[in-house]
Every structure is written in structure tokens, then in C-alpha cells.
Amino acid sequence: SGTLPPEGIRAAREFLESGRTVLFSLKDAAAARTLAALLNLGSLEVQEADGGGGAYALLGQIDFKHPIFAPFADPRFSDFTKIHFWKHRVLDPAAIRNARVIARFDKGGPALLEVPVGKGALFVLTSGVTRTGVVERLGLRLASLARDHPTAIMRLLLLACTAVEIGTSSRPGS
């Protein structure tokens, strides 16, 4: 994600309002302007999380009842400790009307939120998505899940394919 021009924001909003799903990755704190515009908010305060000397965050709480995570509820697939988030952003979910936190980091901050927009849903990932940061490790988890739950893989791929933008940086967690 990042900065979208006004016509891009309008197109994404129309896409959402028509019943589609979009994944918005908060690649950096500056992306908050685009997110606020997508949600018709005047502004949205987003800060870089304190990494504490190169420490990474883990997913601490996951709503396994949510359709995106339900296929991972089986103990064989619910261990996300190998997925490290080297950088992420902090925001107050209460600042976004009707936001639902479906995953939190181990220190309590929201990792993934779902926000209804018209007939659609905007998923907000408070981390960037990069090959070495998240996608590579998640790919290992998906490969093991694919044998038993192919529909879960399709859900996650659909979510990823409708992303506004997925970063291509090779630095961890950018």
C-alpha cells in the first residue's frame, strides 16, 4: 500500500462498496493517509511500533472463528510462531468505525483488522508484506495446509490477489 492518487482511492472505494474484498497493507506510517481516505476519515493516527533493538513481533491472538482463520483452527495448522513481523505499525482500532480486530500481535496491538465498506470488506494488515518478512514463512504454513484444506488456500489467495499493493522490498518486514 502507500499513497494512492484520488482517482485510485475512488476506484478502490467503488470496488469495496460493490461487495469486493481488499487487503490494505500498512507498509509504513505514511500509508495512513490513504487508509483514512479509503475509510472517509479526516485523519488516522498511525505510528511505527517500537521494535526494541531488532526484536520481531509474533501473532499473539487470532480469531479462529473468523472465516479467514477458521481452517487454521486445527492444532496441526495453528502454530504461527515461525512468522516474524520485523516492522509493523500501531493504530487504535476504535478510531475506525466498525473495525473488527481478527488478529493481534503478541504485545496486544492489532495485526489484522476487518472493516466493512459498503457491501465489501477492507482488511487492514498493520505490517508490510515482503518476500522475506512474511510471505516466505507464511508460504511454508500454506503448503502444509493445502493438502487438507484447499478452500482455505483459495480464500487467502483471493484476499492477497485483491490487495491494493503488495510490497516487493527484500528487507525483512518493510
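Coordinates for the structure precede this section.
Residues numbered from 1 in each chain as written. Predicted model: local features only at pLDDT ≥ 70, side-chain atom pairs only at ≥ 80, totals over all residues. Heavy atoms only, no water.

A. Quick peek at the packing of aromatic side chains. A complete count under the given rule lists six aromatic pairs for this structure. A centroid spacing of 6.5 Å and a plane angle of 40° characterise the contact between Phe64 and Phe80, whose relative ring orientation is tilted. Here the residue Phe64 occupies a position in the loop between β3 (59–62) and β4 (89–91), and Phe80 occupies one in the loop between β3 and β4, the gap between them amounting to 16 residues. Residue Phe64 is classed as partly exposed on the basis of its relative accessible area of 25%. (Phe/Tyr/Trp six-rings, centres within 6.5 Å; stacked < 30°, edge-to-face > 60°. Helix = DSSP H or I, 4+ residues; strand = E, 2+ residues; numbered from the N terminus. Buried < 20%, exposed > 50% of the residue type's maximum accessible area, 1.4 Å probe, protein only.)

B. Representation of the pairing of strand β1 (residues 21–25) in the model. Counting buried positions over the five residues of β1 gives four, a clear majority of the element. Across five bridges, β1 lies against strand β7 (residues 120–125) in parallel orientation. Its bridge partner being in β7, Val22 is matched across the sheet by Leu122. (Pairing = 2+ DSSP bridges.)

C. Local environment of the pattern of salt bridges. Scanning the entire structure with this criterion turns up four salt bridges. A salt bridge links Arg100 to Asp63; the shortest N-O distance between them is 2.6 Å. With Arg100 in strand β5 (residues 100–105) and Asp63 in the loop between β3 and β4, the pair connects residues that are 37 residues apart, well separated along the chain. On the basis of relative accessible area, Arg100 is assigned to the partly exposed category, the value being 37%. (Salt bridge = Lys/Arg side-chain N within 4 Å of Asp/Glu carboxyl O.)

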